[in-house]
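The residues making up each chain are set out below.
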Amino acid sequence: FSSAGLNDTTFNNFTDNTGDYSGNTNPYAPKYNFNLGTQYRNDSGHYARVDLNGYGKTYFDKANKNSQNTYTLVNTKIGYETNDYDIYLYANNLFDKEHDAKGAFFQGTTTLFKEDREIGIKLTYRF
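Everything in this summary refers to the structure shown in the same document. Given the structure is predicted, the values throughout are model-derived calculations rather than measurements.

## Brief notes about the overall build of the protein chain
Now for step 1: Tallying secondary structure elements over the protein chain gives 0 helices and 12 strands in all.
Now for step 2: Each helix and strand of the protein chain, ordered N terminal to C terminal, gives the series β-β-β-β-β-β-β-β-β-β-β-β.
Now for step 3: Burial status across the protein chain gives 28% buried among its 127 residues.
Now for step 4: Across the protein chain, the fraction of contacts at a sequence separation of at least 24, relative to all contacts at a separation of at least 6, is 51%.
Now for step 5: With the model as given, the accessible surface of the protein chain reaches about 8,700 Å², and the carbon-plus-sulfur share is 50%.

So, in structure tokens, the structure goes:
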């Protein structure tokens, strides 16, 4: 499975008491994003899944001075499922990709920390 999005959002006409931001990219709108994945299931209940998630450059302020570069994350899980429960081993951000954003936004110097690699076991029970 796959999905993709292209985002071309800019201010047509935007000025305020701090400047003219016309033509700048809107904050928090990555240039693109995508997902590419595969999943295997068999009749015995075993399954595995791998997802590749990518994000384009993202600005965090109207002046386009603070941004986060492009990055791609890999998430996986392997497990067993029945009608009543699932149990699986998972890894989010499998390769521990650093994708923190640093800059002067939110009215001060701020760092946005993203989640590091997470590996665990999950059990889901349905009743």
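## Thoughts on the sheet that holds strand β12 (residues 118-125)
Now for step 1: Overall, antiparallel pairing links the 6 strands, which are arranged β1-β4-β5-β8-β9-β12 in an open sheet. Lying at the two open borders of the sheet, with one neighbouring strand each, are β1 (2-6) and β12. Within the sheet, the average angular offset between the axes of one strand and its neighbour, ignoring direction, is 15°.
Now for step 2: Judged from the 8 bridges that link them, strand β9 (residues 85-92) and β12 form a sheet pairing that is antiparallel. Bridging across to β12, Asn 92 finds its partner in Glu 118.

Basis of the calculations
- Residues numbered from 1 in each chain as written.
- Predicted model: local features only at pLDDT ≥ 70, side-chain atom pairs only at ≥ 80, totals over all residues.
- Heavy atoms only, no water.
- Helix = DSSP H or I, 4+ residues; strand = E, 2+ residues; numbered from the N terminus.
- Buried < 20%, exposed > 50% of the residue type's maximum accessible area, 1.4 Å probe, protein only.
- Contact = heavy atoms within 4.5 Å.
- Areas by Shrake-Rupley, 256 points an atom, 1.4 Å probe, with all protein chains shown as cover.
- Pairing = 2+ DSSP bridges.
- Axes fitted to C-alpha atoms, helices over the stretch in contact; angles between N-to-C directions.

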